[in-house]
Amino acid sequence: MTSEEADVDRRAPALVALLLFVVLTGAAIVVSGSRPAGDGQGDLPALIQVAGYVAAAVGGALLLKGPDPAARRTGVVVLGVIAVLALVDWLTAGQEGADIGAGLARLVGLVVLAVVITRLSVAVSAARRSAS
């Protein structure tokens, strides 16, 4: 197996892990939104989100392990964004009302991850097309 093939092997599982983060984040939002605000949200949405962060961290670590410098930079970006998102969630846990700064930080982080996932999916698709 060449180093390029090893890189492709790491990018595809990393993409799956990042897509799992998207699914788990969506599930956490749905579970959180399905309960009335006055009743308390419980621990389930937070646990689902933590699982999403773990999945994204695995994706970032897979990218970081690759031999491709661009993939390593992407891995650093993913791990940094996940750290910021987890910190924002931790600092705002249990708060009543809106926190515009935390919401903006979360939005920017999610947009950065969306760009990373899009670029990574294009790269994985291109590699698969060229291999076949």
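Residues numbered from 1 in each chain as written. Predicted model: local features only at pLDDT ≥ 70, side-chain atom pairs only at ≥ 80, totals over all residues. Heavy atoms only, no water.

J.: Hey, could you run me through the packing of aromatic side chains in this one?
T.: By convention here, two paired aromatic rings are described through the distance between centres and the angle between planes. On inspection of all chains with the given rule, the structure shows one aromatic pair. On the numbers, 6.0 Å between centres and 25 degrees between planes, the contact of F21 with Y53 is stacked. Separated by 32 residues along the polypeptide, F21 in helix α1 (residues 3–33) and Y53 in helix α2 (residues 44–65) bring together distant segments of the chain. Here the two residues F21 and Y53 agree in accessibility, since each one is buried. (Phe/Tyr/Trp six-rings, centres within 6.5 Å; stacked < 30°, edge-to-face > 60°. Helix = DSSP H or I, 4+ residues; strand = E, 2+ residues; numbered from the N terminus. Buried < 20%, exposed > 50% of the residue type's maximum accessible area, 1.4 Å probe, protein only.)

J.: Would you explain the pattern of salt bridges in this entry?
T.: Pairing is possible between side chains that carry opposite charge, provided their charged atoms lie close to one another. Inspection of every chain in the model, using the stated rule, returns one salt bridge. For the salt bridge of R106 with D89, the shortest nitrogen-to-oxygen distance reads 3.3 Å. Note that R106 is positioned in helix α4 (residues 100–131) and D89 in helix α3 (residues 69–92), a separation of 17 residues in sequence. (Salt bridge = Lys/Arg side-chain N within 4 Å of Asp/Glu carboxyl O.)

J.: Looking at this structure, I do not really get the confidence of the model for the chain. What am I missing?
T.: In low-pLDDT regions, the fine details of the predicted coordinates are not to be read closely. Taken residue by residue, the chain gives an average pLDDT of 86. The fraction at 70 or more is 86%. The weakest mean pLDDT in the chain belongs to α1 at 83; the strongest belongs to α2 at 95. (pLDDT = per-residue confidence, 0-100.)

J.: Explanation requested: a nonpolar patch on the surface in the structure shown.
T.: A cluster of nonpolar side chains, L104, L107, V108, V111 and V115, forms an exposed patch at the surface whose accessible area comes to about 430 Å². Here L107 lies in helix α4. (Patch = residues over 30% accessible without salt bridge, like charges linked within 9 Å, V, L, I, M, F, W, Y side chains within 5 Å. Areas by Shrake-Rupley, 256 points an atom, 1.4 Å probe, with all protein chains shown as cover.)

J.: Is there a simple way to think about the environment of A86 in this case?
T.: With respect to the helices and strands, the residue A86 is situated in helix α3. Judged by relative accessible area, A86 falls into the partly exposed class, the value being 31%. In this structure the C-alpha to C-alpha distance between A86 and Q49, which are 37 residues apart in sequence, comes to 9.0 Å.

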